[in-house]
Amino acid sequence: MNWLTNTLWSSVGKKLMMAVTGIGFSVFLVAHLAGNLTLYAGKDAFNAYAEHVHSLGPFLTIAELGLLFFAVVHIATGATLFYQNFKARPVRYSVNSRAGGRTIGSATMPYTGLVLLLFVIFHLANFHFADKTNTTIFQIVASAFLKPEYVFIYVVAMIIAAIHVSHGFWSAFQTIGANHPKYMPYIKGASILLSLVVGIGFGCLPIYVALMT
Ligand code: HEM
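Residues numbered from 1 in each chain as written. Predicted model: local features only at pLDDT ≥ 70, side-chain atom pairs only at ≥ 80, totals over all residues.

Trainee: Would you mind going over the overall build of the protein with me for this structure?
Mentor: Scanning the protein from terminus to terminus reveals nine helices and zero strands. Counting helices and strands in the order they occur from the N terminus, the protein gives α-α-α-α-α-α-α-α-α. Across the 213 residues that make up the protein, the buried fraction comes to 19%. (Helix = DSSP H or I, 4+ residues; strand = E, 2+ residues; numbered from the N terminus. Buried ≥ 20, exposed ≤ 12 C-beta atoms within 10 Å, placed from the backbone.)

Below you can see the structure in the form of structure tokens.
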């Protein structure tokens, strides 16, 4: 057991945990977006989808607990890696020298990650923990997006999610060893595609709901 904790808490182990949990989140995001796309089909389709998800009962609880566990691991390892990198930096840069290969996504990972954490807390309070007596999930979502400030927060958060995913997805595959020169261009392409799907797919939803209700 000690061996396992030492391995997981080594530098490579932490990066591996970030990668595995990050890929898990990507799968969740695609599934969550697929479900939310029923909003385009109207309130009955969206409510029926939500009812179907809730009818999964204990399976849903297990999936939610798994997601929470992944979030705790991802945030704890991410924060530790950020702190260790920060401490190991010998001198603070006086100019922002962008080292070769750095992108907006890679340079901002801890900050976009922190914003996403705050967004998810806000989002769960809006929808997941909302009082669902005498109302429907569509009604809850529609009332939220009637407020322009909510639409603004969601759209900005989705752009930030897209930036986070644009680096996180390919970086996770690189960490797990899929960094063969032959496959990397495809993985980077998939990363850009996923970030566009997340940014545009989720980002258009609040605007559509606001305009249609
Ligand atoms: C416009 C975009 C989005 C909409 C309309 C939306 C809608 C919803 C709704 C209605 C629920 C509550 C389901 C229920 O309790 O019946 C929910 C749950 C959730 N959402 Fe979103 N969501 C969006 C974007 C996101 C994003 C970008 C993330 C992650 C970064 C996210 C993460 C979650 C999580 C973790 C839950 C809780 C899942 C569960 O416990 O079952 N959502 N979302």
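Next, the rest of the story.
Trainee: Please explain helix H9 (residues 184-212) as it appears in this structure.
Mentor: Note that an α-helix has 3.6 residues per turn; residues three or four places apart therefore point the same way. An ideal rise of 1.5 Å per residue puts 42 Å on 29 residues; H9 measures up with 41 Å between its terminal C-alpha atoms. Among the residues of H9, those classed as buried are Ser191, Leu194, Ser195, Val198, Phe202, Leu205, Pro206 and Val209. The elements touched by buried residues of H9 are helix H2 (11-36), helix H7 (137-144) and helix H8 (148-175). (Expected span 1.5 Å × (residues − 1). Contact = placed C-beta atoms within 7 Å.)

Trainee: Mind showing me how you'd approach the environment of Val165 here?
Mentor: Tracing the chain through its elements places Val165 in helix H8. Take Val165: there are 25 C-beta atoms within 10 Å of it, and that puts it in the buried class. Here the alpha-carbon distance between Val165 and Val198, two residues 33 residues apart in the chain, equals 8.3 Å.

Trainee: What is the right way to look at the site of the ligand in this model?
Mentor: Surveying the vicinity of the ligand reveals 18 residues, the closest of which are Glu64, Phe127, His128, Phe202 and Leu205. Elements represented by at least two residues in the shell around the ligand include exactly H2, helix H4 (58-88), helix H6 (109-128), H7, H8 and H9. With six residues, the top contributor of residues to the shell around the ligand is H6. Looking at side-chain class alone, the shell around the ligand contains 13 nonpolar, four polar and one charged residues. (Near = placed C-beta within 6 Å. Nonpolar A, V, L, I, M, F, W, Y, C, P; charged D, E, K, R; others polar.)

Trainee: So what exactly am I meant to see when it comes to the packing of H8 against H9 here?
Mentor: Working note: a packed helix pair is described by the angle between its axes plus the distance between those axes. At a closest axis distance of 8 Å, the pairing of H8 and H9 adopts a crossing angle of 165°. Judged by the inter-axis angle, H8 sits roughly antiparallel to H9. The interaxial crossing formed by H8 with H9 has right-handed handedness. For the contact of H8 with H9, the per-class residue count stands at 22 nonpolar, five polar and one charged. (Axes fitted to C-alpha atoms, helices over the stretch in contact; angles between N-to-C directions. Parallel < 35°, antiparallel > 145°, perpendicular 65-115°, else oblique. Left-handed = near helix turned anticlockwise from the far one by under 90°.)

Trainee: Explain the packing of H2 against H9 here, please?
Mentor: Closest axis-to-axis distance for the H2/H9 pair is 11 Å, and the angle between their directions is 35°. Considering how the two elements wind past one another, H2 and H9 form a crossing that is left-handed. Listed contacts from H9 to Ser26, Leu29, Leu33 and Asn36 of H2 are Leu194, Val197, Val198, Gly201, Phe202 and Leu205. In the contact of H2 with H9, the residues fall into seven nonpolar, three polar and no charged.

Trainee: Teacher, can you tell me more about the environment of Ser26 here?
Mentor: Tracing the chain through its elements places Ser26 in helix H2. A residue is classified by how many C-beta atoms lie within 10 Å of it, and Ser26, with 18 of them, is partly exposed. Sequence-wise, Ser26 and Phe169 are 143 residues apart; in three dimensions their C-alpha atoms are separated by 7.6 Å. Beyond its immediate stretch of four places on either side in the chain, Ser26 contacts Val165, Phe169 and Leu194.

As far as function goes, none of this settles anything; it's purely spatial.
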